[in-house]
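# Examining the three-dimensional arrangement
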Amino acid sequence: GALRFDLDTLRASYALTVSDPDAFVPELSPFSLTNLRLRGGVTSGEVTSFTVDELTTLIEATPLNASAIGHVSDGEITLQDLRLATAGNRLTLNGSSGEALQLNFDLEVSDWSEFLPGARGELSARGSVAGNAQAPTANVSVAAAGLGYAGYGLAALAVDLILEPTQDADQIAATFTALDV
C-alpha cells in the first residue's frame with residue numbers, strides 16, 4: 001500500500017491492495033473477501049472531504065465495486081454518489097445526515113442469485129428519507145417482476161410508500177398504494 005500526505009494542501013491520498021483481507025482484519029471473515037483494492041483521499045480544513053475513488057473486491061467470488069465522495073462538517077455528513085455495484089445489482093446513495101436527514105437512494109437488483117442462490121427476478125426501489133428523529137418522512141417506490149425462490153413466486157408488484165409525521169408526536173402516518181400485485 002501507499003500513503004502520501006501534502007502539508008501545504010492538507011491532503012492525504014492512499015492506495016492499498018490486500019489479497020487476503022481476513023488475515024489482517026479477522027472481523028471481515030464472514031464476508032469472504034478476497035483481492036481488496038482501495039484507493040482515495042482525504043482533505044482536511046473547515047470541511048473534511050474524502051473520496052473513495054476505487055474499492056474493488058470479491059465477496060465469495062462475486063465482484064463488488066464501490067466509490068464515494070463525502071464531506072464532514074459541524075457534525076453533518078454529506079454523501080455524493082456513494083455507489084455499490086456487483087455484476088447484476090446497484091445501489092446509489094446521495095444526501096446528508098446531521099440534525100436533519102435528507103437521503104436519496106436508487107436500488108436495482110437484477111441478479112438475486114448473487115445474494116441468495118436459486119432466487120430470481122428483478123426489483124427496483126427509489127426514494128427519499130428526510131426530516132429528523134422526531135419527524136421523519138419517507139417517499140419510496142418499489143417495483144418487482146418475476147420474483148421467485150424455493151417454489152414461491154410473485155409475477156409483478158408495484159408499491160408506493162409515504163411516511164409522514166402526524167400531529168401526535170408518537171405516531172407516523174403510513175400510506176401504501178399497491179399499483180400492481
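Scroll up for the structure.
Before going into details, it helps to say that this report is about the structure given with it. (Residues numbered from 1 in each chain as written. Predicted model: local features only at pLDDT ≥ 70, side-chain atom pairs only at ≥ 80, totals over all residues. Heavy atoms only, no water.)

## Side note on unusual backbone geometry
Note on backbone geometry: most residues besides glycine have negative phi, and most peptide bonds are trans. In this model, D74 sits at a positive phi of 50 degrees, which is unusual for a non-glycine residue. Here D74 lies in the loop between β5 (62–73) and β6 (76–85). Overall, D74 belongs to the exposed group, its relative accessible area being 82%. A positive phi angle, close to 50 degrees, is found at A150, a residue other than glycine. Mapping A150 onto the fold places it in the loop between β10 (136–149) and β11 (152–165). For A150, a relative accessible area of 55% corresponds to the exposed category. (Helix = DSSP H or I, 4+ residues; strand = E, 2+ residues; numbered from the N terminus. Buried < 20%, exposed > 50% of the residue type's maximum accessible area, 1.4 Å probe, protein only.)

## A word on the pairing of strand β3 (residues 33–43)
Here is the key point about a regular strand: its side chains alternate between the two faces of the sheet. Here eight bridges tie strand β2 (residues 11–18) to β3, and the two strands are oriented antiparallel to one another. Bridge pairing in β3 places A12 opposite V42. Two elements, β3 and strand β4 (residues 48–59), share nine bridges in a ladder whose sense is antiparallel. Paired with T34 across the two strands is L58, which belongs to β4. Here β3 folds back onto β4 in antiparallel fashion, the turn holding four residues. (Pairing = 2+ DSSP bridges.)

## Side note on the pairing of strand β8 (residues 101–109)
Bridge count between strand β7 (residues 89–97) and β8: nine bridges; the pairing is antiparallel. Each residue of the ladder has a partner; that of L91, found in β8, is L107. With antiparallel pairing between neighbouring strands as the criterion, β7 and β8 make up a hairpin whose turn holds three residues. When β8 meets strand β9 (residues 120–131), the two strands line up antiparallel, connected through nine bridges. The residue bridging E108 from the neighbouring strand is S124, located in β9.

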